[in-house]
Amino acid sequence: MSQCFVARRLLCVAAETAASPASTSRWERLKSSKAGVWCRSLFSDYKEACREIFVGAWERPVKSSVYVSLLGGAWACFYTKPDVSSFDAALVEHSNQLGLLSPWIRSASSDGHIQSLVKLRNEGRLRHASLGLLSLVYRADYDPDTTLYEAQCSSLSVPWRELPQRVLDVGFAGRWWVLDSKMKDYDVNEEEFKWLPAHMRVTSPPSVQEVERNEKLHKESWFPLKVEDEEKETHVSKKDSVSDESQIKSLKEEQTQA
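In this report, we go over the structure that sits alongside the text. (Residues numbered from 1 in each chain as written. Predicted model: local features only at pLDDT ≥ 70, side-chain atom pairs only at ≥ 80, totals over all residues. Heavy atoms only, no water.)

A short note on the overall build of the protein
Line of reasoning, step 1. Scanning the protein for helices and strands turns up twelve helices and four strands.
Line of reasoning, step 2. The buried share of the protein, taken over its 258 residues, is 14%.
Line of reasoning, step 3. Accessible surface computed for the protein: about 21,600 Å², of which carbon and sulfur atoms make up 61%. (Helix = DSSP H or I, 4+ residues; strand = E, 2+ residues; numbered from the N terminus. Buried < 20%, exposed > 50% of the residue type's maximum accessible area, 1.4 Å probe, protein only. Areas by Shrake-Rupley, 256 points an atom, 1.4 Å probe, with all protein chains shown as cover.)

Have a look at this one:
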């Protein structure tokens, strides 16, 4: 009796296991979940967008090349954008360049601009702002570490509409443009040429003939001097002078005899 009951129990368990569906794996449960469905739909959307981009670029090469050029230019501008450390280094370098010159030779505009920037830097009033593709350096009224009420109160801070009047330099494509323009001809003092006539204060580029003539004279200056030709010329001139003197003497003798 007991053996029949055990056999019947085993058959029931086998029937239940055969009737129940196969258990799903963890990966399949994850794919069928809400997060899995959302990730699959997102991946399919990005896949379709990339396919449309490549198909559109193939069908319209000019438009796609313009877009690629704009994106590449924007990335290059962002990558080569100067920071505040580069501005400090350029300011110190230009200040040292002016310091090597005599005050009588320095350009007044270059020296004044550099001295004002150095003064603001020593006072801690220079500020730097990054705008993505370019950088700005502007002046502030107070040092950031100042504990005065006027410096810490947000209601008394300078509004953004006054920022264009406070901008001192613009950094773009790896250069500080205002600083470089102010340092142009920094070793030329304009005050020395202020009292000259107008036509003497203006310099024009040399013509092609003048450039060729100057180059020719410069090349000829490399050659050694030819002394032999000069000596021959002096001997010939001496002979001519001696022959002239002999003719004059013969004429005088003939006149005396007559």
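Still more to cover.
Let's talk about the packing of aromatic side chains
Line of reasoning, step 1. The final tally for this structure, using the stated rule, is two aromatic pairs.
Line of reasoning, step 2. Each ring, one from Trp75 and one from Tyr79, has its centre 5.3 Å from the other, and the planes form 10°; the classification is stacked. Of this pair, Trp75 and Tyr79 are both found in helix 4 (residues 61-79), four residues apart, which corresponds to roughly one turn of the helix. You'll find Trp75 and Tyr79 in the same group, each marked exposed.
Line of reasoning, step 3. When the ring of Phe87 is compared with that of Trp176, the centres are 5.0 Å apart and the planes differ by 70°; the resulting orientation is edge-to-face. (Phe/Tyr/Trp six-rings, centres within 6.5 Å; stacked < 30°, edge-to-face > 60°.)

Regarding the pattern of salt bridges
Line of reasoning, step 1. Enumeration over the complete set of coordinates arrives at five salt bridges.
Line of reasoning, step 2. Across the salt bridge formed by Arg106 and Asp111, the nearest N and O atoms sit 4.0 Å from each other.
Line of reasoning, step 3. Residue Arg166 pairs with Asp141 through a salt bridge whose shortest N-O separation is 3.0 Å. Remark: Asp141 occurs in the loop between strand 2 (135-139) and helix 7 (149-152) and Arg166 occurs in helix 8 (residues 163-166); sequence separation between them is 25 residues.
Line of reasoning, step 4. For Asp141, a relative accessible area of 34% translates into the label partly exposed. (Salt bridge = Lys/Arg side-chain N within 4 Å of Asp/Glu carboxyl O.)

Quick look at the pairing of strand 3 (residues 167-172)
Line of reasoning, step 1. Pairing of strand 2 with strand 3 involves four bridges; the strand directions are antiparallel. Bridge pairing in strand 3 places Val137 opposite Asp169.
Line of reasoning, step 2. Here two bridges tie strand 3 to strand 4 (residues 175-176), and the two strands are oriented antiparallel to one another. The residue bridging Gly171 from the neighbouring strand is Trp176, located in strand 4. (Pairing = 2+ DSSP bridges.)

Side note on unusual backbone geometry
Line of reasoning, step 1. Phi at Ala173 takes a positive value of approximately 60°, unusual for a residue other than glycine.
Line of reasoning, step 2. Within the secondary structure, Ala173 sits in the loop between strand 3 and strand 4.
Line of reasoning, step 3. Positive phi, close to 55°, is recorded for Asp185, a residue that is not glycine.
Line of reasoning, step 4. For Asp185, a relative accessible area of 47% translates into the label partly exposed.

Looking at the layout of surface pockets
Which parts of space are left empty comes out when a probe the size of a water molecule is rolled across the atoms.
Line of reasoning, step 1. Counted as a void, the largest pocket has a volume near 450 Å³.
Line of reasoning, step 2. Along the walls of the largest pocket sit 21 residues, with Arg127, Ala140, Asp141, Ser157 and Val158 positioned nearest its centre.
Line of reasoning, step 3. At the level of elements, strand 2, helix 7 and helix 8 are the ones that each hand at least two residues to the lining of the largest pocket.
Line of reasoning, step 4. Counting residues per element, the lining of the largest pocket draws most heavily on helix 7, at three residues.
Line of reasoning, step 5. Put simply, the second largest pocket is a space of about 150 Å³.
Line of reasoning, step 6. Around the second largest pocket, the lining residues are Glu52, Ile53, Gly56, Ala57, Arg60, Lys63, Ser64 and Tyr67.
Line of reasoning, step 7. Going through the elements one at a time, helix 3 (34-59) and helix 4 are the ones with two or more residues in the lining of the second largest pocket. (1 Å grid on protein atoms, 1.4 Å probe; cavity = no way out; pocket = protein on both sides within 12 Å on 5 of 7 lines; lining within 4 Å. Points joined across faces, edges and corners; volume = space filled by probe spheres on them.)

Some thoughts on the sheet that holds strand 2
Line of reasoning, step 1. Read across the sheet, four strands follow the order 1-2-3-4 without closing on themselves; strand pairing throughout is antiparallel. A strand with exactly one partner marks an edge of an open sheet, and here the two such strands are strand 1 (126-130) and strand 4.
Line of reasoning, step 2. Across five bridges, strand 1 lies against strand 2 in antiparallel orientation. Opposite Arg127, over in strand 2, you have Tyr138 as the bridge partner.

Describing the nonpolar core
Line of reasoning, step 1. Counting 13 residues, the largest nonpolar core has Phe87, Ile114, Leu117, Leu126 and Leu179 as its most contacted members.
Line of reasoning, step 2. Of all the secondary structure elements, the ones that give two or more residues to this core are helix 5 (84-99) and helix 6 (108-123).
Line of reasoning, step 3. Of all the elements, helix 5 adds the most residues to this core, at four residues.
Line of reasoning, step 4. When residues no more than four places from it in sequence are discounted, the contact partners of Phe87 are Leu117, Leu126, Val137, Asp169, Trp176 and Leu179. (Core = buried A, V, L, I, M, F, W, Y, C linked by side-chain atoms within 4.5 Å. Contact = heavy atoms within 4.5 Å.)

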